[in-house]
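Structural overview
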Amino acid sequence: FPATIWMARLIGESSPPEATLASARSGRLGCEATSNSTSSVPLAAGSSRGTKMGVASSEGRWTRVNRAICELLGYREDELLGTLAQGIIHPDDRPVQREAVRLLMAGECPSYTSEYRCQRRNGEPTWGLVTVTLVADEERRPRHFVFAIQDISDRKRAESELRESEGRHRLVVRYDRDAVDPLA
């Protein structure tokens, strides 16, 4: 499954954000600007329909999660806290995620958004549009990561069903053409 990543890169304080495109092994890499505020992060309790949010330490371990992210992943809050945030990413999508985090930590960009398969506690994957923002202190040292996840499983399922339907349609059209003109 491809993963698509949009990266944000800020060029200096007075320069506008630079938009670039580069290839990633399993997707596209693009840029957009976002804020890198050091303000505290409110995590609304929310319902399972709300934004799934969490905060991870600069070492990548969950320090705060809201109820919505717990419900999406099938974990209790105490089961997630202290575990590695990358643990929720499907193993096949982790290389792209690690590269994005490397760019965040190197100061190349303040945030990224990507479509990933997230691993539920029961092992089932669920698709998420994951935005990760690195929050730094005044000296630009990483303080923590803020995660926001939107469940896009229904959209991914619809896209897959559409591809399957289009494939069946092509077969029918090809079969129909062959039946009408077997020499074609």
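Figured I'd write up the structure that's included with this text. Just so we're clear, the structure is a prediction, and the values are computed from it rather than from any experiment.

**Quick look at the overall build of the protein chain**
Counting its secondary structure elements, the protein chain contains 4 helices and 8 strands. For the protein chain, buried positions account for 36% of its 184 residues. Summarising the internal contacts of the protein chain: among those between residues at least 6 apart in sequence, 49% fall at separations of at least 24. Split by element, the accessible area of the protein chain, about 11,100 Å² in all, is 51% carbon and sulfur.

**Some words on the pattern of salt bridges**
Tallied over the entire structure, the rule returns 13 salt bridges. The shortest N-O distance in the salt bridge between E79 and R121 comes to 2.9 Å. Here R121 lies in the loop between β6 (111–119) and β7 (125–136) and E79 lies in helix α2 (residues 77–80), a separation of 42 residues in the sequence. On the accessibility criterion, E79 (21% relative accessible area) is partly exposed. Of the charged contacts in the structure, one is a salt bridge between R141 and E139, with a shortest N-O distance of 2.8 Å. According to the relative accessible area criterion, E139 is exposed, its value standing at 54%.

**Re the environment of Q97**
Checked against the element boundaries, Q97 lands in helix α3 (residues 94–105). Of the residues examined, Q97 reaches a relative accessible area of 5% and is grouped as buried. Setting aside its immediate chain neighbours within four residues, Q97 contacts Q86, I89, Y112 and Y116.

**Section: the nonpolar core**
As a rule of thumb, nonpolar side chains are buried together in soluble globular proteins. Membership of the largest hydrophobic core comes to 25 residues, with the highest contact counts inside it found for W62 and F147. Secondary structure elements with two or more residues in this core: β5 (62–65), α1 (67–73), α3, β6, β7 and β8 (142–151).

**Let's talk about the packing of aromatic side chains**
By the definition in use, this model includes 1 aromatic pair. When the ring of W62 is compared with that of F147, the centres are 4.8 Å apart and the planes differ by 55 degrees; the resulting orientation is tilted. Here W62 is found in strand β5, whereas its partner F147 is found in strand β8, with 85 residues between them in sequence. Residue W62 is classed as buried on the basis of its relative accessible area of 2%.

**Comments concerning α3**
The end-to-end C-alpha separation of α3 is 16 Å, in line with the 16 Å expected for 12 residues at 1.5 Å each. Among all positions of α3, only R94, V96, Q97, A100, L103 and L104 are buried. Looking one or two residues past α3, G107 carries a phi angle of roughly 80 degrees, positive in sign.

Reading the values: rules and limits
Residues numbered from 1 in each chain as written. Predicted model: local features only at pLDDT ≥ 70, side-chain atom pairs only at ≥ 80, totals over all residues. Heavy atoms only, no water. Helix = DSSP H or I, 4+ residues; strand = E, 2+ residues; numbered from the N terminus. Buried < 20%, exposed > 50% of the residue type's maximum accessible area, 1.4 Å probe, protein only. Contact = heavy atoms within 4.5 Å. Areas by Shrake-Rupley, 256 points an atom, 1.4 Å probe, with all protein chains shown as cover. Salt bridge = Lys/Arg side-chain N within 4 Å of Asp/Glu carboxyl O. Core = buried A, V, L, I, M, F, W, Y, C linked by side-chain atoms within 4.5 Å. Phe/Tyr/Trp six-rings, centres within 6.5 Å; stacked < 30°, edge-to-face > 60°. Expected span 1.5 Å × (residues − 1).

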